[in-house]
Amino acid sequence: MTCSRLRVLAIEGTAWAASAAVFETTDPTERTDDERVDIFTDAYAPDSGGIHPREAAEHMHEAIPKVVAQARETAETWAAEHDEQTQNPVDAVAFSRGPGLGPCLRIVATAARATAQRFDVPLVGVNHMVAHLEIGRHRSGFESPVCLNASGANAHILGFRNGRYRVLGETMDTGVGNAIDKFTRHLGWSHPGGPKVEQRAKEGDFLDLPYVVKGMDFSFSGIMSAAKQAVDDDEPVEDVCFALQEHIFAMLTEVSERALSLTGSGQLVLGGGVAQNARLRGMLESMCAQRGAEFYAPEPRFLRDNAGMIAVLGAKMYDAGDTLPIAESQIDSNFRPDQVPVTWREREAWTATGDNVRAGDALQGAEATVTFEDGIVTKRRLPREYRHEILDARLRRTRTRLEARLTSQARRAGVPTPVLRDVDPDEGMLVFEKVGEADLRDRLTEASVRDVAGHLATIHDAGFVHGDPTTRNVRVDGDRTYLIDFGLGYFTDDPEDYAMDLHVFDQSLTGTADDPESLIAAARESYERASADPESVLDSLAEIEGRGRYQ
Ligand SMILES: C[C@@H](O)[C@H](NC(=O)OP(=O)(O)OC[C@H]1O[C@@H](n2cnc3c(N)ncnc32)[C@H](O)[C@@H]1O)C(=O)O
Ligand SMILES: Nc1ncnc2c1ncn2[C@@H]1O[C@H](COP(=O)(O)OP(=O)(O)OP(=O)(O)O)[C@@H](O)[C@H]1O
Ligand SMILES: [Fe+2]
């Protein structure tokens, strides 16, 4: 082609959406006024139950050729509008390489190879989850946002650092949409359940359900069992739907706020099918407004699975020379977003600016506002507008109580922590002595990381976890490290809970350090030395890290 217009045809088919699209732009690196995207989707809807992989593949087999033909026609029409030759109307063919259902992915890949060969243009292999977040970045124009992907098979929060999207936090069991869909299957409702829960929730009232956040990770299994039980116990279905949304979306919003705070980013983008939910968007919008951050969610056609997002990222990758020889174009059903070398962005983007230091020397953390005066630190968990007021009051009260108790308990076990001067759980207020000169994230050394891992071993041996051991929740003073912020801690003798503490610490090192591997290894080694029972904890950690969450 001779003109400056770039046109990419893309194919998506990871699970339910047989989709093809054309993206046309004069500059793939940013959103332009004259860009256009046309998407053709043929959805698979199971007769009963959830998505059956074989049925989904049969659907892809029939529907993919049809949507690809529609996209091709569009590409030809657009090319003709610009007086270009129509035999070769696209510059590249992009496809979803994974994650997703193997049988579906294979059909998509075959169609993509054939289309690329037919036009004699390069093939681009796109990670579906990275596409879910890049479409938000592209449409918003945000420089370096934190990204929440809330889709059917996934739920994770990502930040860009050093050439990769890092998983800052993710679900420890199922994806968020799948969790909701499983609940609605229990009620005998047809797939997908998410929109139906949203509808019914409109008439519901609040019920207490479990709320599980560990650092920036979270899990849905406990809340889902409790929701099913509540229905079986004859609680009104609309109340359970309402409470389910209030809890699950508050968890996602809370970890998003934590990620903003940890990275120092002032921008959040949302992606994935569950992001079509107005309550989730509303909560995120409210959270961002409260902390002075910008929020963007793309329009629904770019949220649910669609080839438009694959085409837009495909164009960026093509522009960066990131194409795929046919011989190397095999699919990857477990393709994680952090495996993708991000060729289309400057490596050094995301300059963590740290916390907003506000008037009166107040620090805004992820959860609390902290003020300093004469060596005394006052921490207040202020109400969060995005959370239902009953849930908000419950979380602020219990976390404040636990923080007071565990801070003292840790010190008795021999771990340096600040001395507690005062506590008022109903106000969510704590008063501590000031400790340390800096947060660990600004003093990251192997020695300090070792020290922290030793502290974690000590509190685990004493029968409790910290719950959120990040590089922000450790203060450093010369060689000494202090643990602070025990609000997410609890008593437990389960090695898996101890392993989660180590996993949260690892993830935070990954999000903070340029070279996290050596620090993670040092922490592991120090924990092993200090712990009374390192074997079962480290086994459990290996299991947590190896969990395939993308099937
Ligand atoms: C790997 C890929 O195949 C997979 N795709 C996927 O999960 O489809 P997606 O379109 O992103 O999301 C579908 C999910 O989105 C939920 N959903 C749709 N509308 C919803 C709504 N209004 N409220 C809540 N959930 C909603 C559905 O219940 C379903 O679980 C993924 O991205 O994880
Ligand atoms: N006792 C203390 N001595 C010195 N600095 C402190 C103390 N307590 C808190 N800080 C500072 O205030 C920041 C926020 O405190 P804290 O972590 O308790 O609140 P938070 O809102 O829960 O934050 P996050 O959720 O980000 O961990 C800490 O990162 C630390 O820099
Ligand atoms: Fe998706």
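Please read these numbers as outputs of a predicted model, since none were measured by experiment. (Residues numbered from 1 in each chain as written. Chains lettered and ligands numbered in written order. Predicted model: local features only at pLDDT ≥ 70, side-chain atom pairs only at ≥ 80, totals over all residues.)

J.: I'd love a proper account of the overall build of the chain, names of residues and values included.
T.: A tally of regular secondary structure across the chain gives 14 helices and 23 strands. Since a compact globule built from 551 residues should have a radius of gyration of about 24 Å, the 24 Å found for the chain is in line with a globular shape. The principal-axis extents of the C-alpha atoms in the chain amount to approximately 75 × 55 × 50 Å. Looking at the chain alone, contacts between residues at least 24 apart form 75% of all its contacts between residues at least 6 apart. (Helix = DSSP H or I, 4+ residues; strand = E, 2+ residues; numbered from the N terminus. Rg over C-alpha atoms; globule rule 2.2 N^0.38 Å. Contact = placed C-beta atoms within 7 Å.)

J.: So, the domain arrangement of the chain: which residues are in play, and what are the values?
T.: Domain annotation of the chain identifies domain 1 (6-137 + 303-335), domain 2 (146-265) and domain 3 (438-546). Centre-to-centre, using C-alpha coordinates, domain 2 lies 26 Å away from domain 3. Facing 12 residues of domain 2, the contacting portion of domain 3 comprises 12 residues. Of all the elements in the fold, those that place two or more residues in the side of domain 2 that touches domain 3 are β8 (164-170), β9 (213-214) and α7 (237-263). Among the elements that make up the side of domain 2 that touches domain 3, the one with the highest residue count is β8 (three residues). Tallied by class, the residues present in the side of domain 2 that touches domain 3 amount to four nonpolar, five polar and three charged. (Domains from an automatic or database assignment. Nonpolar A, V, L, I, M, F, W, Y, C, P; charged D, E, K, R; others polar.)

J.: Report on the nonpolar core, specifying residues and quantitative values.
T.: Counting residues in hydrophobic clusters, the biggest one holds 117 residues, and the most contacted among them are Ala10, Ala21, Val108 and Ala311. The leading source of residues in this core is α7, at 14 residues. Apart from the residues lying within four places of it in its own chain, the contact partners of Ala21 are Ala10, Val37, Asp38, Ile39, Phe40, Ala71, Asn306, Ala307, Gly308 and Ala311. (Core = buried A, V, L, I, M, F, W, Y, C linked by C-beta atoms within 7 Å. Buried ≥ 20, exposed ≤ 12 C-beta atoms within 10 Å, placed from the backbone.)

J.: Kindly report on the site of ligand 1, identifying the contributing residues and their values.
T.: Residues in contact with ligand 1 amount to 26 residues; listed here are only the nearest, Gly152, Gly177, Pro192, Gly194 and Gly273. Every element with two or more residues in the shell around ligand 1 is listed here: α4 (176-186) and α5 (194-201). For the shell around ligand 1, a count of residues per class yields seven nonpolar, 15 polar and four charged. Both domain 1 (6-137 + 303-335) and domain 2 (146-265) contribute no fewer than three residues apiece to the shell around ligand 1. (Near = placed C-beta within 6 Å.)

J.: Can you lay out the pairing of strand β11 (residues 267-271) for me, pointing to particular residues and giving the numbers?
T.: With five of five residues buried, β11 is to be regarded as a mostly interior element. Here β11 shows a buried face lined by Gln267, Val269 and Gly271 and a second buried face lined by Leu268 and Leu270. Judged from the four bridges that link them, strand β6 (residues 146-150) and β11 form a sheet pairing that is parallel. Its bridge partner lying in β11, Leu148 is registered against Leu270. With three bridges connecting them, β11 and strand β12 (residues 294-296) associate as parallel partners. In the sheet register, Gln267 faces β12, and the bridge partner there is Glu294. At this point the chain moves from β11, through helix α8 (residues 278-291), to the parallel β12, and the crossover so formed is right-handed. (Pairing = 2+ DSSP bridges. Right-handed = clockwise from strand over helix to strand, strands pointing away.)

J.: I'd like a rundown of unusual backbone geometry, residues and numbers included.
T.: Pro99 follows Gly98 through a cis peptide bond whose omega is 0°. Tracing the backbone through its elements, the reader meets Pro99 in the loop between β4 (92-98) and α2 (102-119). Backbone torsion omega between His191 and Pro192 reads -5°, so that peptide bond is classified as cis. Mapped onto the elements of the fold, Pro192 is located in the loop between α4 and α5.

J.: Give me the sheet that holds strand β22 (residues 480-483): which residues, what numbers.
T.: Here we have three strands laid out as an open sheet, ordered β19-β21-β22, and antiparallel in their pairing. Strands with a single pairing partner mark the edges of an open sheet, and in this sheet they are β19 (438-439) and β22. One ladder, built from two bridges, connects β19 with strand β21 (residues 474-477); its direction is antiparallel. Bridge pairing links Asp439 to Arg475 in β21.

J.: Just give me the short version of helix α13 (residues 516-530), but keep the residues and values in it.
T.: Look at α13: 21 Å from first C-alpha to last across 15 residues, which is about the 21 Å you get at 1.5 Å a residue. Restricting attention to buried positions, one finds in α13 the residues Pro516, Leu519, Ala523, Ser526 and Tyr527. Burial along α13 is one-sided: seen end-on, the buried residues are contained in an arc of 100°. The outward face of α13, more than 90 degrees from its buried face, is lined by the exposed residues Glu517, Ser518, Ala521 and Arg529. On its buried side, α13 packs onto α11 (446-461), α12 (495-512) and α14 (534-546). (Expected span 1.5 Å × (residues − 1). Arc of directions from axis to C-beta.)

J.: Give a description of the site of ligand 2 that names residues and reports values.
T.: Taken together, 21 residues sit near ligand 2, with Gly365, Ala366, Ala368, Pro418 and Asp485 positioned nearest. Elements with a minimum of two residues in the shell around ligand 2: α7 and β16 (376-380). Tallied by class, the residues present in the shell around ligand 2 amount to nine nonpolar, four polar and eight charged.

J.: I'd like a description of the environment of Gln409, backed by residues and values.
T.: Its location among the elements puts Gln409 in helix α10 (residues 389-412). On a C-alpha basis, the gap between Gln409 and Phe464 in space is 9.3 Å, while along the polypeptide they are 55 residues apart. Those residues in contact with Gln409 that sit more than four places away from it in its chain are Ala462 and Phe464.

J.: Explain the environment of His247 to me, using residue names and the numbers behind them.
T.: Positionally, His247 belongs in helix α7. Since 24 C-beta atoms lie within 10 Å of it, His247 is described here as buried. Sequence separation of His247 and Leu483 is 236 residues, and the distance between their C-alpha atoms is 28 Å. Setting aside its immediate chain neighbours within four residues, His247 contacts Leu209, Tyr211, Ile223 and Leu391.

J.: Explain helix α9 (residues 307-319) residue by residue, including any values.
T.: Look at α9: 18 Å from first C-alpha to last across 13 residues, which is about the 18 Å you get at 1.5 Å a residue. In terms of burial, α9 is largely enclosed, as 12 of its 13 residues are buried. Buried residues in α9 make contact with β1 (6-12), β2 (17-25), β3 (36-43), β4, β5 (123-127) and α3 (128-140). Positive phi appears at Gly321, one or two residues downstream of α9, with a value of about 80°.

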